[in-house]
Amino acid sequence: MHKLFFVPVIHICFALAAMGAAPATEDTTAAVRKATNGYTHTVTIPADSDLSSIKFEGVRKVKTEERLTAYRVAYSYQGQPLASDEFGDRNFRFTVDFAPGELSPALREALAERKIGKAAEAAYFQVAPSPASPSAYVAITVNAVQK
């Protein structure tokens, strides 16, 4: 049986994170998705997470909640276990979505034909944690690199 990941991740746009806005709720998450045409590039994770443990997991083509085609990029990281987790799991995941036009044609073609390895996929994305702040969360922005 697979263990479920309970991820304390809230999708917000970078502008809100940079302004030090409070963590998003379900309503504000929907508003941010609408304002960004359904694609999110920034997530927040707890500030006590190990940022050096952020690891690329993969990218795949998906349909978003708004029924848009997107490329979903997944990352894992280690953080403090949730109080509600009886197993004390320290492994968490977050995902960000990219519009097809935000990725280079070469990457889209390689993904479609499955001719690219995980390390090569990772090279097309850049993870940028926000500067340290007194907040309980750290904003993580993922950018697509055009090659």
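As the structure is a prediction and not an experimental result, all values here were calculated from the model.

### Some thoughts on the pattern of salt bridges
Pairs can form between side chains of opposite charge once their charged atoms are near each other.
Line of reasoning, step 1. One pass over the structure, following the stated rule, counts three salt bridges.
Line of reasoning, step 2. The shortest N-O distance in the salt bridge between lysine 115 and glutamate 113 comes to 3.2 Å.

### Some points on the sheet that holds strand S3 (residues 50-63)
Strand pairing in a sheet relies on backbone hydrogen bonds. The paired strands run either parallel or antiparallel.
Line of reasoning, step 1. Read from one edge to the other, the open sheet built from three strands follows the order S3-S4-S5, with strand pairing classed as antiparallel. Every interior strand has two partners, whereas the edge strands, S3 and strand S5 (91-98), have only one. When the angles between neighbouring strand axes are averaged without regard to direction, this sheet yields 25°.
Line of reasoning, step 2. In terms of strand pairing, S3 meets strand S4 (residues 69-78) through nine bridges, oriented antiparallel. Bridged to phenylalanine 56 within S4 is tyrosine 75.

### So, the packing of aromatic side chains
Line of reasoning, step 1. Applying the stated criterion across every chain yields a total of six aromatic pairs.
Line of reasoning, step 2. An angle of 20° between the planes, with centres 5.4 Å apart, marks the rings of tyrosine 75 and phenylalanine 94 as stacked. One end of the pair, tyrosine 75, is in strand S4; the other, phenylalanine 94, is in strand S5, and 19 residues separate them in sequence. The two residues tyrosine 75 and phenylalanine 94 agree in class, both being buried.
Line of reasoning, step 3. When the centroid spacing of 5.4 Å and the interplanar angle of 45° are considered together, the rings of phenylalanine 98 and phenylalanine 125 count as tilted. Residue phenylalanine 98 is found in strand S5, and its partner phenylalanine 125 is found in strand S6 (residues 125-129); the two are separated by 27 residues along the sequence.
Line of reasoning, step 4. Taking relative accessible area as the criterion, phenylalanine 98 reaches 2% and is therefore assigned buried.
Line of reasoning, step 5. Here a set of aromatic residues connected by ring pairs shows up, and it is made of Phe56, Tyr75, Tyr77, Phe92, Phe94, Phe98 and Phe125.

### Section: the nonpolar core
Line of reasoning, step 1. Of all hydrophobic cores here, the largest spans 23 residues; its most connected members are Val73, Tyr75, Phe94 and Phe125.
Line of reasoning, step 2. Of all the secondary-structure elements, those providing two or more residues to this core are strand S2 (42-46), S3, S4, S5, helix H3 (105-113) and strand S7 (137-144).
Line of reasoning, step 3. With sequence-adjacent residues up to four places away left out, valine 73 is seen in contact with Phe56, Gly58, Val59, Phe94, Thr95, Val96, Phe98 and Phe125.

### Details of unusual backbone geometry
Line of reasoning, step 1. Its identity as a non-glycine residue notwithstanding, arginine 67 has a phi of 65°, on the positive side.
Line of reasoning, step 2. Residue placement: arginine 67 occurs in the loop between S3 and S4.
Line of reasoning, step 3. The phi dihedral of arginine 114 is positive, around 55°, even though this residue is not glycine.
Line of reasoning, step 4. With respect to the helices and strands, the residue arginine 114 is situated in the loop between H3 and helix H4 (118-122).

### A word on H3
Line of reasoning, step 1. Turning to H3, its buried residues number three or more, namely Leu107, Ala110 and Leu111. Seen along its axis, H3 keeps its buried residues to an arc of 100°; they face one direction. Turned more than 90 degrees from where H3 packs its buried face, Pro105 and Ala112 sit exposed.
Line of reasoning, step 2. Against S3, S4, H4 and S6 lie the buried residues of H3.
Line of reasoning, step 3. A positive phi of about 55° marks arginine 114, the residue just after H3.

Criteria and cut-off values
Residues numbered from 1 in each chain as written. Predicted model: local features only at pLDDT ≥ 70, side-chain atom pairs only at ≥ 80, totals over all residues. Heavy atoms only, no water. Salt bridge = Lys/Arg side-chain N within 4 Å of Asp/Glu carboxyl O. Pairing = 2+ DSSP bridges. Helix = DSSP H or I, 4+ residues; strand = E, 2+ residues; numbered from the N terminus. Axes fitted to C-alpha atoms, helices over the stretch in contact; angles between N-to-C directions. Phe/Tyr/Trp six-rings, centres within 6.5 Å; stacked < 30°, edge-to-face > 60°. Buried < 20%, exposed > 50% of the residue type's maximum accessible area, 1.4 Å probe, protein only. Core = buried A, V, L, I, M, F, W, Y, C linked by side-chain atoms within 4.5 Å. Contact = heavy atoms within 4.5 Å. Arc of directions from axis to C-beta.

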